[in-house]
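# Architecture and fold: a report
Here's the letter readout for the chains.
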Amino acid sequence: MLTATNKNKMIPAAKMQHRGGDSELLRKHACLNRMQIPSHLPPPTIVAASSQVANSSDAETSAAVARHLELHLGLFEIGRPLGKGKFGRVYLARHRTSGYICALKVLNKDEIKRERAEMHVRREIEVHSNLRHPGIVGFYGWFHDSRRIFLILEYAAGGELYKTLQKEGRFSERRAANYIAQVALSLIYLHSKNVMHRDMKPENILIGLYSELKLSDFGYSVHAPSNRRDTLCGTLDYLPPEMLQSDKPEYTKAVDQWTLGVLTYEFLTGEAPFEDTVAMTHRRILKNHMKPLPASLSPEAKDFVHSVGDFTPILIL
Ligand code: AMP
């Protein structure tokens, strides 16, 4: 389950005006209430909606399915595409009756099936729908039709942090520190909910209306109360050594902390610390052999990168 890294190496595994104003107020007025999806809800990908309701003996599941069936595409005016993900596109959308602007993530069921990623999508919905934090893209609800699954998300008006970093080359120490502090707060929240993100990278960090950062894409996330996982997943450049040490790695939520060090390095220099050919990146990570940091950086910045990379549990939550 390894994904492509920063639009470079691959490895296995309508125009619409933003309606200004206070986003919290809009959020309150929106009639798209976040729904709790019971953990035993069958994957939304395979079973037709009607049979899900008819065959379910579980009242709670039926109620949840019925509630998400109340949402449908006709409720939204679809705007310009915001980006492309693994199984489909994300569009700007407006909820017709409330005027609430959101992002509609459309996942193609056939593609999900072809990739045998039903569990993956189910997990994304389960994990994301249970999170609520200013540093995490809001999840308002989901629904599906015969071909697609739709996730209704908070619109992150500033787009991907990845694109901003590419445009600006690198960030000043002050800005990098500010960004890392924000991501760290989101991580503290995630970890307090026993969720590991496992795929943090600049592409998965979006920028909100007020330039605040928001973690997104919970496709590789997992709810792990035991704090122990063994699946190799994520994006090579950002993986910690313990994930690469064997075919059956054992790791904890500290994997996200390692990535925080990688992100700090990337914010300060514009490139990931171990970026190389696939084989070399692998080797470099195992040896913790990062490319040298520019001499112009302050000792504090260098120390921070090295201490997070050295696994000093500064963030263990
Ligand atoms: P994803 O499938 O979640 O990786 O999303 C694909 C791309 O769509 C992202 O890289 C963003 O550029 C864009 N995108 C996803 N979610 C949002 C959102 N909530 N607000 C704005 N743009 C988004």
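Within each chain, residue numbers correspond to sequence positions counted from 1 in written order. With pLDDT at 70 or above as the cut-off, local features in this predicted model cover only qualifying residues; side-chain atom pairs require 80 or more to be listed or tallied, and sums for whole chains, interfaces and linings still use all residues. Hydrogens and waters are ignored; side-chain quantities use all the structure's heavy atoms.

### Overview of the overall build of the protein chain
So the rule is basically this: For helices the rule is a DSSP run of H or I covering at least 4 residues; for strands it is a run of E covering at least 2, with both sets numbered from the N terminus onward. The rule is simple: take the accessible area with a 1.4 Å probe, protein chains only, and divide by the maximum for that residue type; under 20% is buried, over 50% is exposed, in between is partly exposed. Areas reported here follow the Shrake-Rupley algorithm with a probe of radius 1.4 Å; residue values treat only the protein chains shown as occluding.
Looking only at helices and strands, the protein chain has 11 helices and 12 strands in total. Within the protein chain, the proportion of its 317 residues that are buried is 51%. As displayed, the protein chain has an accessible area near 15,000 Å², and 53% of this comes from carbon and sulfur atoms.

### So, the site of the ligand
Operational definition: We call a residue near a molecule or strand as soon as one heavy atom of that residue lies within 4 Å of the molecule or strand. Counted as a polar contact is a pair of N or O atoms within 3.5 Å, where, for protein atoms, one must be capable of donating a hydrogen and the other of accepting one, and residues adjacent in sequence contribute only when both atoms are in side chains. We call Asp, Glu, Lys and Arg charged. Ala, Val, Leu, Ile, Met, Phe, Trp, Tyr, Cys and Pro are nonpolar, and the rest, Gly among them, are polar.
Taken together, the neighbourhood of the ligand is formed by 15 residues, with K105, E154, A156, E160 and D217 sitting nearest. At 2.7 Å, a backbone N or O of E154 approaches a nitrogen atom of the ligand. Against a free-state accessible area of 480 Å², the protein chains account for coverage of 92% of the ligand. Sorting elements by how many residues they give to the shell around the ligand places strand β2 (residues 76–84) first, with 3 residues. For the shell around the ligand, the class distribution of residues is 7 nonpolar, 2 polar and 6 charged.

### Describing the UniProt feature "binding site: ATP" (unreviewed entry) in the protein chain
Formally: UniProt positions are given in the numbering used here, feature names are shortened, and annotations may be inferred rather than shown by experiment.
According to UniProt, the feature "binding site: ATP" (unreviewed entry) maps to K86, K105, E154, Y155, A156, E203, N204 and D217 in the numbering used here. Tracing the sequence through the fold places E154 in strand β6 (residues 148–154). Under the relative-accessibility criterion, E154 is labelled buried at 13%. A polar contact is formed between the side chain of E154 and the backbone nitrogen of G138, at a distance of 2.7 Å.

### Points about the pattern of salt bridges
We count it as follows: Salt bridge criterion: a side-chain nitrogen from Lys or Arg within 4 Å of a carboxyl oxygen from Asp or Glu.
Here the structure, examined in full by the defined rule, presents 11 salt bridges. Between R175 and E168 there is a salt bridge whose closest N-O contact spans 2.5 Å. With relative accessibility at 25%, the residue R175 sits in the partly exposed group. When the shortest N-O distance is used, the salt bridge between K214 and E212 registers 3.7 Å. What makes K214 buried here is its relative accessible area of 4%.

### Thoughts on the sheet that holds strand β7 (residues 159–160)
The following threshold applies: Only strands joined by at least two bridges in the DSSP assignment are considered to pair. Throughout, a contact is declared for two residues whenever any of their heavy atoms are within 4.5 Å. Where helices are involved, their axes are fitted lines through C-alpha atoms of the stretch in contact, as for all axes, and angles between N-to-C directions lie from 0 to 180°.
If you walk across this open sheet you meet the 3 strands as β7-β9-β10, and the pairing is antiparallel. In this open sheet, the two edge strands, each paired with only one partner strand, are β7 and β10 (213–215). Helix α7 (residues 173–192) rests against β9 (205–207) and β10 of the sheet, and its axis sits at about 35 degrees to β10.

### What about the packing of aromatic side chains?
Worth spelling out the cut-off: To pair, rings of Phe, Tyr and Trp, with the six-membered ring standing in for Trp, must have centres within 6.5 Å; the planes then decide the type, stacked if under 30 degrees apart, edge-to-face if over 60, and tilted in the middle.
Tallied over the full model, the rule gives 7 aromatic pairs. With 5.5 Å between their ring centres and 75 degrees between their planes, Y100 and Y140 make a pair best called edge-to-face. Taken together, the residues span a long stretch of sequence, with Y100 in the loop between β3 (89–95) and β4 (101–108) and Y140 in strand β5 (residues 139–144) at a distance of 40 residues. Considered together, Y100 and Y140 belong to a single accessibility category, that of buried residues. An aromatic cluster of three or more residues is present, and its members are F76, F143 and F150.

### A short note on the packing of α7 against helix α9 (residues 254–269)
Each pair of packed helices gets described by two things: the angle between the helix axes and the distance between those axes. Just so we agree on the cut-off: Orientation categories follow fixed angle ranges, with anything under 35 degrees roughly parallel, anything over 145 roughly antiparallel, 65 to 115 roughly perpendicular, and all other angles oblique. Handedness of a crossing follows from how the near helix is turned relative to the far one, being left-handed for an anticlockwise turn of less than a right angle and right-handed for a clockwise one.
As a packed pair, α7 and α9 sit with axes 10 Å apart at the nearest point and diverge in direction by 160 degrees. What the angle tells us is that α7 and α9 run roughly antiparallel. Crossing of α7 against α9: the hand is right-handed. Two secondary-structure elements touch here, α7 through E173, A176, Y179, I180, V183, A184, L187 and H191 and α9 through D256, L260, L263, T264, F267 and L268. Class assignment for the residues of the contact of α7 with α9 results in 10 nonpolar, 2 polar and 2 charged.

### Here we look at the UniProt feature "active site" (unreviewed entry) in the protein chain
The feature "active site" (unreviewed entry), as annotated in UniProt, sits at D199 in this numbering. Note on placement: D199 falls in the loop between β8 (195–196) and β9.

### Thoughts on the nonpolar core
We apply this condition: Take the buried Ala, Val, Leu, Ile, Met, Phe, Trp, Tyr and Cys residues and link them wherever side-chain atoms come within 4.5 Å; each set so joined is a nonpolar core.
Counting 48 residues, the largest nonpolar core has L131, L161, L190, L263 and F267 as its most contacted members. Contact partners of L190, with chain neighbours within four places excluded, come to L131, I136, V195, H197, L215 and F218. In terms of nonpolar packing, the next biggest core, distinct from the first, is built from 16 residues, A103, V137, F139 and I149 among them.

### Re the sheet that holds β6
Pairing within the open sheet is antiparallel, and its 5 strands lie in the order β2-β3-β4-β6-β5. Looking at the sheet topology across the chains shown, the edges are occupied by β2 and β5. With strand direction ignored, the average angle separating the axes of adjacent strands in the sheet is 25 degrees. Where β5 meets β6, 5 bridges bridge the pair, whose relative direction is antiparallel. Note that in β6 the partner of W142 across the bridge is L151. Packed on one face of the sheet, helix α5 (residues 118–129) meets β4, β5 and β6 and runs near 25 degrees to β6.

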